[in-house]
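# Descriptive analysis of the structure
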Amino acid sequence: MKWKPILRTMKPYTPGRSLEDVKHTYGLQEVNKLASNENPYGSSPKVAEYLRSKAAQFEIYPDVYTAGLRGKLAEFHQVESNEILFGNGSDEIVTIISRALLQPGTNTVMASITFPQYAHNAKIEGAEIREVAMLENGDHDLEGFLKVADEETAVIWICNPNNPTGNLLSSTAVKKFLDRAPKTALIVLDEAYFEFVTDSSQEDAMKWIHDYDNLIILRTFSKAYGLASFRIGYGVTNADVVSELNKVRNPFNNSSLALAVAEVALEDQEFLQHCVTHNEEERKRYADYAKQHSLAIYPSATNFVLIAVPGDADEACEVLLQNGYIVRSGNLLGVPGFVRVTIGTHEQNTGLFKAFDQLLTN
Ligand code: PMP
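The structure displayed is predicted, hence computed values, not measured ones.

### A few points about the overall build of the protein chain
Assigned secondary structure in the protein chain consists of 13 helices and 12 strands. The C-alpha atoms of the protein chain give a radius of gyration of 20 Å, which matches the 21 Å a tight globule of 362 residues would have. Dimensions along the principal axes, computed over C-alpha positions, put the protein chain at roughly 55 × 55 × 55 Å. Evaluated residue by residue, the protein chain yields a buried proportion of 53% over its 362 residues. When contacts within the protein chain are restricted to residue pairs at least 6 apart in sequence, long-range pairs at least 24 apart make up 74% of them. Of the accessible surface of the protein chain, which amounts to about 17,000 Å², a share of 52% is contributed by carbon and sulfur atoms. Looking at the protein chain, you have 33 positive and 47 negative side-chain charges, and the mean spots of the two groups are 3 Å apart.

The structure is reproduced here in structure tokens:
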């Protein structure tokens, strides 16, 4: 068959180990999955209530225009309803953007250590990937981005806060970049973890979309809203960009049930705040733990931390697995010597620290 030659050099997405698999392999009763930055507090109780009380009309295709959620989000972000694009997770928006803008002869700029799906999609589309090494503190080197971007740059990816480091670029730094970036490139500000940011000086970038025609902001219901299994992500940008991207979007890419549930979750901002507050308290415990044991840790603004381990990261993951904790090895993420741990509940984190202690005494 006539596969694109690049596929020979690529691998499908490697998921973390599943709870059932780890339970079975290690003979454990209880396993904690702290590997995919999901919400350890689940989702709004109103979602469960909704699912008990109402059934979607399963035989009817979903509303292509996603009017209900669109209207609520437009109001929530103070934008027009035609300035929103929905994806089957923000993963799909990354794919849609790549499919619409990247092709041989174009290039795309991103940090060297960032969300891998940007490079993955760019490869499939045949675009040149220009990776810019991160700064020592883990920040994107935005000056470096400007140096490598040129008139053939079609997409620039800023992951803020960044996965897997958790680093947050200030609003001022991002705005300064937007002022100087080529207007011919689409700037993607992927804010999958935005809701976890508690630094009050951080501005809401949504209001910038009217100042910069080439800016799209990505958000998701998978993280702070705790709805990863429903696959709802969205992009906010000007109506012309939405209209072009819509040409490559599959119709009916969100299920009716997922759209309805996201609407319910959006309305429960109290639950969201509860998760964000607990996450912030627990995030501090990780910083303290790292300090106490003189372990390097990146300054996370998210619901995960990238923390150093003594020795090989895969081996450290194995020890943590034996203790019932699934985390992500830095070897897979381009940061050997580190593991990425999703910040769990208080109890989960206490258990994780106890298991981590074993790595330090071995
Ligand atoms: N962007 C970033 C930075 C992420 O970490 C993730 C999830 N790992 C996504 C996008 C995609 O999330 P989803 O497709 O669940 O919205």
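Once you've had a look at it, read on.
### A short note on the domain arrangement of the protein chain
Parsing the protein chain into structural domains produces domain 1 (5-43 + 270-361) and domain 2 (45-268). The C-alpha-based centres of domain 1 and domain 2 are spaced at 24 Å. Tallying the contact residues gives 31 residues for domain 1 and 31 residues for domain 2. Interface of domain 1 and domain 2: buried area, both sides summed, is about 2,500 Å²; carbon and sulfur atoms make up 64% of it. Contact with domain 2 buries area across many residues of domain 1, yet Ser 43, Leu 272 and Tyr 298 alone supply 21% of it, more than any other trio.

### Regarding the sheet that holds strand 12 (residues 338-342)
What the three strands build is an open sheet, ordered 9-12-11; its pairing is antiparallel. The outermost strands of the open sheet, each flanked by one partner alone, are strand 9 (304-308) and strand 11 (328-329). Inspection of the sheet shows strand 9 paired to strand 12 by five bridges, in the antiparallel sense. Its bridge partner being in strand 12, Val 305 is matched across the sheet by Val 341.

### Quick look at the site of the ligand
Close to the ligand lie 13 residues; Ser 90, Asp 190, Tyr 193, Thr 220 and Ser 222 are nearest. For the ligand, the accessible surface in isolation is 390 Å², of which the surrounding protein chains cover 92%. Considering only residue class, the shell around the ligand consists of four nonpolar, five polar and four charged.

### Here's the deal with the packing of aromatic side chains
One pass over the structure, following the stated rule, counts 12 aromatic pairs. Taken together, a centroid distance of 4.9 Å and an interplanar angle of 80 degrees make the contact between Tyr 193 and Phe 304 edge-to-face. Of this pair, Tyr 193 sits in the loop between strand 6 (186-190) and strand 7 (215-220) while Phe 304 sits in strand 9, and the two are 111 residues apart along the sequence. Taking relative accessible area as the criterion, Tyr 193 reaches 4% and is therefore assigned buried. Three or more aromatic residues joined by ring pairs make a cluster, and in this case those are Phe 86, Phe 221, Tyr 225 and Tyr 234.

### Quick word on the packing of helix 4 (residues 90-101) against helix 5 (residues 117-125)
Here helix 4 crosses helix 5 at 35 degrees, and the two axes come no closer than 9 Å. At the point where helix 4 passes helix 5, the crossing takes the right-handed sense. Contacts between helix 4 and helix 5 involve Asp 91, Val 94, Thr 95, Ser 98 and Arg 99 on the former and, on the latter, Gln 117, Tyr 118, Asn 121 and Glu 125.

### Let's talk about the pattern of salt bridges
Applying the stated criterion across every chain, the model contains 15 salt bridges. Here Glu 143 makes a salt bridge to Arg 180, at a shortest N to O gap of 2.6 Å. Separated by 37 residues along the polypeptide, Glu 143 in helix 6 (residues 142-148) and Arg 180 in helix 7 (residues 171-180) bring together distant segments of the chain. By relative accessible area, which is 38% here, Glu 143 ends up partly exposed. Given a relative accessible area of 45%, Arg 180 falls into the partly exposed group. Close ionic contact of Asp 204 with Arg 219 constitutes a salt bridge, the shortest N to O distance being 3.1 Å. Taken together, the residues Asp 204 in the loop between strand 6 and strand 7 and Arg 219 in strand 7 connect sequence positions 15 residues apart. Residue classification places Asp 204 among the partly exposed residues on the basis of a relative accessible area of 31%. For Arg 219, a relative accessible area of 3% corresponds to the buried category. The network of salt bridges with shared partners includes Lys 72, Glu 263 and Glu 267.

### Comments concerning the nonpolar core
Residues Phe 145, Phe 177, Leu 215 and Phe 221 are the most contacted members of the largest nonpolar core, which totals 53 residues. With eight residues, helix 9 (residues 256-267) is the single largest residue contributor to this core. Counting the residues that make up this core, at least three belong to each of domain 1 (5-43 + 270-361) and domain 2 (45-268). Beyond its immediate stretch of four places on either side in the chain, Phe 177 contacts Leu 142, Phe 145, Leu 146, Ile 156, Ile 158 and Ile 187.

Cut-offs applied
Residues numbered from 1 in each chain as written. Predicted model: local features only at pLDDT ≥ 70, side-chain atom pairs only at ≥ 80, totals over all residues. Heavy atoms only, no water. Helix = DSSP H or I, 4+ residues; strand = E, 2+ residues; numbered from the N terminus. Rg over C-alpha atoms; globule rule 2.2 N^0.38 Å. Buried < 20%, exposed > 50% of the residue type's maximum accessible area, 1.4 Å probe, protein only. Contact = heavy atoms within 4.5 Å. Areas by Shrake-Rupley, 256 points an atom, 1.4 Å probe, with all protein chains shown as cover. Lys, Arg positive; Asp, Glu negative; His and termini not counted. Charge placed at Lys NZ, Arg CZ, Asp CG, Glu CD. Domains from an automatic or database assignment. Buried area = accessible area lost by both parts, 1.4 Å probe. Pairing = 2+ DSSP bridges. Near = heavy atom within 4 Å. Nonpolar A, V, L, I, M, F, W, Y, C, P; charged D, E, K, R; others polar. Phe/Tyr/Trp six-rings, centres within 6.5 Å; stacked < 30°, edge-to-face > 60°. Axes fitted to C-alpha atoms, helices over the stretch in contact; angles between N-to-C directions. Left-handed = near helix turned anticlockwise from the far one by under 90°. Salt bridge = Lys/Arg side-chain N within 4 Å of Asp/Glu carboxyl O. Core = buried A, V, L, I, M, F, W, Y, C linked by side-chain atoms within 4.5 Å.

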